[in-house]
Amino acid sequence: MKKSPLKILYLYPDEMNFYGDYGNVLALVRRLEWRGLEANVLYHKIGDSLPKNVDIIVGGGGQDTGQLTIHADLLRIGGGLHQLADNNVPMLMVCGLYQLFGKRFVTADNQELAGIGIFDAETIGIGKRMIGNIITETEFGELIGFENHSGKTVLEPSQTPFGKVKLGYGNDPSGHNEGAVTKNIYGTYLHGALLPKNPVLADALISHALINRGEDSEKLAPLDDSLAQKVHIDARKRKQA
Ligand code: GLN
């Protein structure tokens with residue numbers, strides 16, 4: 001029987017797509033296609049209703065102004081996102097949306113935005129911009145990317161970080177923890193786009209989605225990732241900025 005396409009939902013494509021974060025969706029789509037699986041990309045825009053059945057949700061970064069624009073709508077769909085989170089739907093939230101998946105974000109000019117509280121974390125805009133190449137050690141090995149944020153994220157003791165920073169800042173200027181992970185939801189400051197450079201994470205999201213659908217993810221055929229591996233080797237030689 002032909003399998004139905006995997007539904008990938010991208011949140012706020014107009015406001016939250018910094019440094020080509022949409023490339024994360026393209027990487028998922030291609031990696032599915034290369035394995036003979038179909039993808040259907042959906043977009044959530046302000047005012048849309050949140051689809052009940054999606055397989056993977058992706059969100060990107062944005063300026064503080066973008067976060068202000070989408071903020072009320074995100075709170076509106078927050079309950080639905082929590083429900084999907086409880087159903088183990090895998091999600092990847094980069095930078096601006098990572099911050100709003102926490103409990104609270106206070107911008108550098110002191111505007112307070114409530115978050116949807118999927119992560120036990122809060123973010124405060126500080127005078128320092130944390131910008132440059134970043135490498136973080138995660139359960140999927142070393143991930144490489146580029147960060148640019150002035151938001152400093154503080155995790156509550158109950159919140160598991162996504163990784164440990166090896167180069168760069170991550171959640172805060174101390175350069176210890178990076179991102180947050182809860183269930184199958186990954187929050188991170190890594191732009192890149194992240195997934196084309198770190199296919200292991202793309203495949204983890206795909207595997208979670210296939211498991212949820214009751215489809216056999218062990219059959220995720222290996223792909224030729226030699227280009228991504230070369231990029232990785234090159235990134236390790238780079239300095240922070
Ligand atoms: N505006 C936020 C910050 O600077 C998010 C930036 C981003 O998404 N790259 O902290």
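Scroll up to find the structure.
Computed from a predicted model, the values in this text were never measured in an experiment.

> Requested: an account of the packing of helix H1 (residues 23-33) against helix H5 (residues 199-212), with residues and values cited.
Running from N to C, H1 and H5 cross one another at 70°; their axes reach a closest spacing of 10 Å. By the angle between their directions, the pair H1 and H5 is classed as roughly perpendicular. Here H1 contributes Leu28, Arg31 and Leu32 to the contact with H5, which in turn contributes Pro199, Ala202, Asp203, Leu205 and Ile206.

> If you had to explain the site of the ligand to someone new, which residues and values would you point to?
Contacts to the ligand come from 15 residues, most closely from Gly62, Asp64, Cys95, Gln99 and Gly151. One of the side-chain nitrogen or oxygen atoms of Asp64 is found 2.4 Å away from a nitrogen atom of the ligand. Side-chain polar atom of Gln67 to a nitrogen atom of the ligand: 3.0 Å apart, as the coordinates give it. About the coverage of the ligand: the protein hides 98% of its 290 Å² of free accessible area.

> Quick rundown of the side chain of Thr138? Include the residues and the values.
Within the secondary structure, Thr138 sits in strand E7 (residues 121-138). For Thr138, a relative accessible area of 9% corresponds to the buried category. Separated by 2.9 Å, the side chain of Thr138 and the backbone nitrogen of Phe140 make a polar contact. A distance of 2.9 Å separates a polar side-chain atom of Thr138 from the backbone oxygen of Gly141. Sequence-distant contacts of Thr138, that is, excluding residues within four places in its chain, are made with Leu143, Phe162 and Gly163.

> Give me the packing of aromatic side chains: which residues, what numbers.
Applying the stated criterion across every chain, the model contains 10 aromatic pairs. When the ring of Tyr19 is compared with that of Phe146, the centres are 5.5 Å apart and the planes differ by 80°; the resulting orientation is edge-to-face. A residue pair is termed long-range when its members are at least 10 positions apart, and Tyr19 in the loop between strand E1 (6-11) and H1 and Phe146 in strand E8 (residues 141-155) qualify at 127 residues. A residue is classified by how much of its surface remains accessible, and Phe146, at 25% relative accessible area, is partly exposed. Relative to Tyr186, the ring of Phe140 lies with its centre 5.7 Å away and its plane at 70°, an arrangement referred to as edge-to-face. Of the two residues, Phe140 sits in the loop between E7 and E8 while Tyr186 sits in strand E12 (residues 185-188), which places them 46 residues apart along the sequence. Ring pairing ties together the aromatic residues Tyr98, Phe101, Phe119 and Tyr189, which thus form one cluster.

> Residues and numbers for the nonpolar core, please.
Within the largest apolar cluster, 61 residues are counted, with the highest numbers of intra-cluster contacts made by Leu28, Ile57, Leu74, Leu81, Phe101 and Leu195. Among the elements that take part in this core, H5 stands out by supplying 7 residues, more than any other. Apart from the residues within four sequence positions on either side, Leu74 is in contact with Tyr12, Leu81, Leu97, Leu100, Phe101 and Ile116.

> Describe the pattern of salt bridges, listing the residues and the values that go with them.
All told, the structure shown has 16 salt bridges when counted by the stated rule. Close ionic contact of Asp73 with Arg76 constitutes a salt bridge, the shortest N to O distance being 2.6 Å. Taken together, the residues span about one helical turn, with Asp73 and Arg76 both in helix H2 (residues 64-86) at a distance of 3 residues. For Asp73, a relative accessible area of 7% translates into the label buried. Judged by its relative accessible area of 46%, Arg76 falls in the partly exposed class. With a closest N to O distance of 2.9 Å, Glu122 and Arg104 form a salt bridge. Linking Glu122 in strand E7 with Arg104 in strand E5 (residues 104-106), this pair joins segments that are 18 residues apart in sequence. Residues joined in a network through salt bridges with shared partners are Arg31, Arg35, Asp203 and Asp225.

Cut-off values and rules
Residues numbered from 1 in each chain as written. Predicted model: local features only at pLDDT ≥ 70, side-chain atom pairs only at ≥ 80, totals over all residues. Heavy atoms only, no water. Axes fitted to C-alpha atoms, helices over the stretch in contact; angles between N-to-C directions. Helix = DSSP H or I, 4+ residues; strand = E, 2+ residues; numbered from the N terminus. Parallel < 35°, antiparallel > 145°, perpendicular 65-115°, else oblique. Contact = heavy atoms within 4.5 Å. Near = heavy atom within 4 Å. Polar contact = N/O pair within 3.5 Å; in protein donor to acceptor, adjacent residues only side chain to side chain. Areas by Shrake-Rupley, 256 points an atom, 1.4 Å probe, with all protein chains shown as cover. Buried < 20%, exposed > 50% of the residue type's maximum accessible area, 1.4 Å probe, protein only. Phe/Tyr/Trp six-rings, centres within 6.5 Å; stacked < 30°, edge-to-face > 60°. Core = buried A, V, L, I, M, F, W, Y, C linked by side-chain atoms within 4.5 Å. Salt bridge = Lys/Arg side-chain N within 4 Å of Asp/Glu carboxyl O.

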